[in-house]
Amino acid sequence: SATPTEEINGAGNLMDFLDEPFPDVGTYEDFHTIDWLREKSRDTDRHRKITCKSKESIWEFIKSLLDAWSGWLVMLLIGLLSGTLAGVIDLAVDWMTDLKEGVCLSALWYSHEQCCWTSNETTFADRDKCPQWQKWAELMTGYTEGAGVYLLNYFLYVLWALFFSFLAVSLVRVFAPYACGSGIPEIKTILSGFIIRGYLGKWTLLIKTVTLVLAVSSGLSLGKEGPLVHVACCCGNLFCSLFSKYSKNEGKRREVLSAAAAAGVSVAFGAPIGGVLFSLEEVSYYFPLKTLWRSFFAALVAAFTLRSINPFGNNRLVLFYVEYHTPWYMAELVPFILLGVFGGLWGTLFIRCNIAWCRRRKTTRLGKYPVLEVIVVTGITAVLAFPNPYTRRSTSELISELFNDCGALESSQLCDYINNPNMTRPVDDIPDRPAGPGVYSALWQLTLALVFKIVITIFTFGMKIPSGLFIPSMAVGAIAGRIVGIAVEQMAYHHHDWIIFKNWCRPGADCVTPGLYAMVGAAACLGGVTRMTVSLVVIMFELTGGLEYIVPLMAAAVTSKWVADAFGKEGIYEAHIQLNGYPYLDQDEFTHRTLATDVMRPRRNEPPLAVLTQDSTTVEDVETLIKDTDYNGFPVVVSRESERLIGFVQRRDLILNIKNARQKQDGVVSNSVVYFTEDAPQIPASNPQPLKLRRILNLSPFTVTDHTPMETVVDIFRKLGLRQCLVTRSGSLSPRLVIPMLQIVIKHLK
């Protein structure tokens, strides 16, 4: 234990309780906020002890080295596990998505693509057809065409989708209720210092991994990218429990979780640098330089692991790799910016409609039937998706096709242009051509797919299954972008003498790349929904390999954010945090002109402030105070008359210490005096033995005067991560307390 001098200076008081025989002192209850200053102080003290001990012997020196390297080891383990899980999820999703349509006879575990890779009878023109792959109707009836065959395939497609989604929602409901949704709003809240026990547990990790495969395979309008961040953070939490440095310190644990979030995005998109920036810009609350390096390392290991598994079979990290052969021109910035406007408007529409629907789910009987809701939405999605080839396939495949440039070897309907028979150009540089009937029918189907995706995603996001938002948002933008791209391409072809096309689009030149417009549209819509900017652009160019198209992506992302912010500052994750009532202090500027005295608790008409005195309160008084109030802690004052502040004591520490003293310390009874001073108070010999609790007293609680401006107080809460702040007047505790966790304050002022 600490020396008296250390205790007087307050240097050792936060660590004293670690020498106690019982483990829970200094921890937090569920749905409470951590005290960042206290956690930092505990870690500093722990580090000081290790440094002092390392000079005593070789063994202690080795232990100190192991402690220093444990952070990097945790990052390595997180990267390996999250990369492996992402690879397994990708492979399983491919197989199960294709299982809705047919089966590979040569090997049941092969997806459609893998099945036809191994076939010797596949032609280039019909690369999707091979005798080893059979659709369900063909397998059952022996026929490949006809109305009966179509209807049977339709029926089985819907049946498989319903089975997958029912299994997903049942597993979530029974085994891990926290495995539903995206997970990013809750992870943002946890990283800001909130405790949600079980949210990053082993069961959540297992069930989320399994149900994510089922949910994506069911064909619902959702993605796996957001949930992969949750899965990676579960991996981070799992490995934290192996090292006491992280398991016993909630502040240090959150540094690891920030890095895990970066690894999650790294494997979700194959974008390691984008993952680090995403964690920094979008998710993390406290992100020191050390965490930046470790995030970079975790993202690198995760990406390397995923690349080793090679789930896409193209020896690349990403599914959407593109190679465009033409540059972009200044005049094209106009349609790019218009796509940015569309992305901002779609983001605003989606957030408002989705939040309204989720609020309705919370406040009406709809929320009591999660399984039925998932089944109904899946049924509607499958029934409407099957007739349209662009909604029938997985959303990732759709985006991949929309991003692709039309080469000479493309067999897609989107590439059904009328070729000039006299064309003698190299294959890579095909000039703009008039659209054929396939392109026009594809445009109609894409327009219907756009409306369908916009509407169905509003009702899908937030259901009781794992559901990401990145891929559906990108799909909406990619469809809109491809439509705009084809329109601009045809205008440039038919009206190349117009002044806007004259300077850069000569007849017979390859001027406009519709796939680039799809890419820009995808970035715009994703930015409109999430309000990301820097990380979004980096993720997009890592995702596609389109490094020279950074300026169009930046223009669309910034326009999208401006337009969306004009209608409301919060993105979809902040909106869901607010809807669920999580205590999250955002980084916006504080605009109210108020003082600390205006928001102190309790108010004038409420009971007086609950305090403890330093040497005149009995155990019974303390127990009564704990029973009658629900405060997280109590100020300790010299006496009721002077109210000069001595320190602050946590409710949980009080409960545990009194319980422990009653069990293990002789003579401690209800009328024993509790004292927080260095020396015991003068009490008659006939009185029972007093109880000393100085070691759980925080001698340096954060205080402000009652005339401190609220913008200063808000800044203090943000930057220091305080749990509460005591308000004093002339050195004494103000008769009305404390500024508690600041969300209450903000809501009161609004």
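What you are looking at is a predicted structure, and each value in this text was computed from that prediction instead of being measured.

Thresholds, definitions, all that
Residues numbered from 1 in each chain as written. Predicted model: local features only at pLDDT ≥ 70, side-chain atom pairs only at ≥ 80, totals over all residues. Heavy atoms only, no water. Pairing = 2+ DSSP bridges. Helix = DSSP H or I, 4+ residues; strand = E, 2+ residues; numbered from the N terminus. Contact = heavy atoms within 4.5 Å. Axes fitted to C-alpha atoms, helices over the stretch in contact; angles between N-to-C directions. Salt bridge = Lys/Arg side-chain N within 4 Å of Asp/Glu carboxyl O. Buried < 20%, exposed > 50% of the residue type's maximum accessible area, 1.4 Å probe, protein only. Disulfide = S-S within 2.5 Å. pLDDT = per-residue confidence, 0-100. Expected span 1.5 Å × (residues − 1). Polar contact = N/O pair within 3.5 Å; in protein donor to acceptor, adjacent residues only side chain to side chain. Phe/Tyr/Trp six-rings, centres within 6.5 Å; stacked < 30°, edge-to-face > 60°. Lys NZ or Arg CZ within 6 Å of the ring centre and 35° of its normal. Parallel < 35°, antiparallel > 145°, perpendicular 65-115°, else oblique. Left-handed = near helix turned anticlockwise from the far one by under 90°. Nonpolar A, V, L, I, M, F, W, Y, C, P; charged D, E, K, R; others polar.

### Digging into the sheet that holds strand β5 (residues 633-637)
Taken together, the 4 strands give an open sheet; going across it, the order is β3-β5-β6-β9, and neighbouring strands pair in mixed fashion. Looking at strand neighbours, the two that pair on one side only are β3 (612-613) and β9 (697-698), the edges of this open sheet. Relative to β5, β3 is paired through 2 bridges, and the arrangement is parallel. The partner of L612 across the bridge, within β5, is V636. In this fold helix α27 (residues 651-664) packs onto β3, β5 and β6 (645-650), with an angle of close to 75° to the strand it touches most, β6.

### Quick notes on the pattern of salt bridges
Summed over the entire model, instances satisfying the criterion amount to 22 salt bridges. R361 is the partner of E373 in a salt bridge, and the nearest nitrogen-oxygen pair spans 2.8 Å. Here the residue E373 occupies a position in helix α15 (residues 370-385), and R361 occupies one in helix α14 (residues 333-363), the gap between them amounting to 12 residues. Assessed through its relative accessible area of 7%, E373 is described here as buried. Taken together, the salt bridges that share partners define one network made up of D43, R46, D67, K252 and E255.

### Quick notes on the state of the cysteines
Summed over all chains, the structure comprises 1 disulfide. For C104, the disulfide goes to C115, at an S-S distance of 2.0 Å. Here C104 and C115 share a disulfide; its torsion about the S-S bond, 80°, makes the bridge right-handed. One end of the pair, C104, is in strand β1 (residues 102-104); the other, C115, is in helix α4 (residues 112-117), and 11 residues separate them in sequence. The residues C104 and C115 share a single accessibility class, namely buried. Left without a disulfide partner, C233 is nearest to the cysteine sulfur of C234, which lies 7.4 Å away. Cysteine C235 shares no disulfide, and the gap to the nearest cysteine sulfur, in C234, comes to 7.0 Å. For C235, a relative accessible area of 0% corresponds to the buried category.

### What about the confidence of the model for the protein chain?
Residues with a pLDDT of 70 or more make up 87% of the protein chain, whose mean pLDDT is 84. Looking across the protein chain, the model is least confident in helix α1 (residues 4-9), with a mean pLDDT of 35, and most confident in helix α8 (residues 202-217), with 95. Below a pLDDT of 50 lies the segment residues 424-428, which in the model reaches 4 contacts outside its immediate sequence neighbourhood of four places, other chains included. Here residues 741-750 is modelled with pLDDT under 50, and outside its nearest four sequence neighbours on either side it reaches 27 contacts, counting other chains as well.

### A closer look at the environment of C104
Classification of C104 as buried rests on a relative accessible area of 0%. Sequence separation between C104 and C130 is 26 residues; the distance between their C-alpha atoms is 9.7 Å. Excluding its chain neighbours within four sequence positions, the residues that come into contact with C104 are Y110, C115, Q132 and W133.

### Description of helix α2 (residues 36-53)
Compared with an ideal rise of 1.5 Å per residue, which puts 18 residues at 26 Å, α2 spans 26 Å between its outermost C-alpha atoms and is within 8% of the ideal. Turning to α2, its buried residues number three or more, namely W36, R38, E39, R42, D43, D45 and R46. For α2, the N-terminal cap is D35; the gap from its side-chain oxygen to the backbone nitrogen of L37 is 3.2 Å.

### Section: the sheet that holds strand β7 (residues 673-675)
The strand order across the open sheet built from 3 strands is β4-β7-β8, with neighbouring strands paired in mixed fashion. The sheet terminates laterally at β4 (617-618) and β8 (691-692), the two strands that pair on one side only. Bridge analysis of β4 against β7 gives 2 bridges, and the strand direction is antiparallel. If you follow T618 over to β7, its bridge partner there is V673.

### Quick notes on unusual backbone geometry
Its identity is not glycine, yet F31 carries a phi of approximately 60°, on the positive side. With respect to the secondary-structure elements, F31 resides in the loop between α1 and α2. Notably, R531 is not glycine yet its phi reads approximately 65°, a positive angle. By secondary structure assignment, the location of R531 is in the loop between α21 (514-530) and α22 (534-544).

### A short note on the packing of aromatic side chains
Considering all chains together, one arrives at 23 aromatic pairs under this definition. In this structure an aromatic cluster arises from ring pairing among W136, W160, F163 and F164. Here the basic side chain of R294 rests over the ring of W72, its NZ or CZ set 5.3 Å away from the ring centre. In this structure, R392 is placed above the aromatic ring of F386, and the distance from its NZ or CZ to the ring centre is 4.2 Å.

### Structural notes on the packing of α15 against helix α18 (residues 437-460)
Packing of α15 against α18 leaves a shortest axis separation of 11 Å and a crossing angle of 170°. Taken together, the axes of α15 and α18 are roughly antiparallel relative to one another. Taken as a pair, α15 and α18 cross one another with a handedness that is left-handed. Of α18, the residues touching α15 (which contributes E373, V377, I380, T381, L384 and A385) are F452, I456, F459 and T460. Split into classes, the residues belonging to the contact of α15 with α18 amount to 7 nonpolar, 2 polar and 1 charged.

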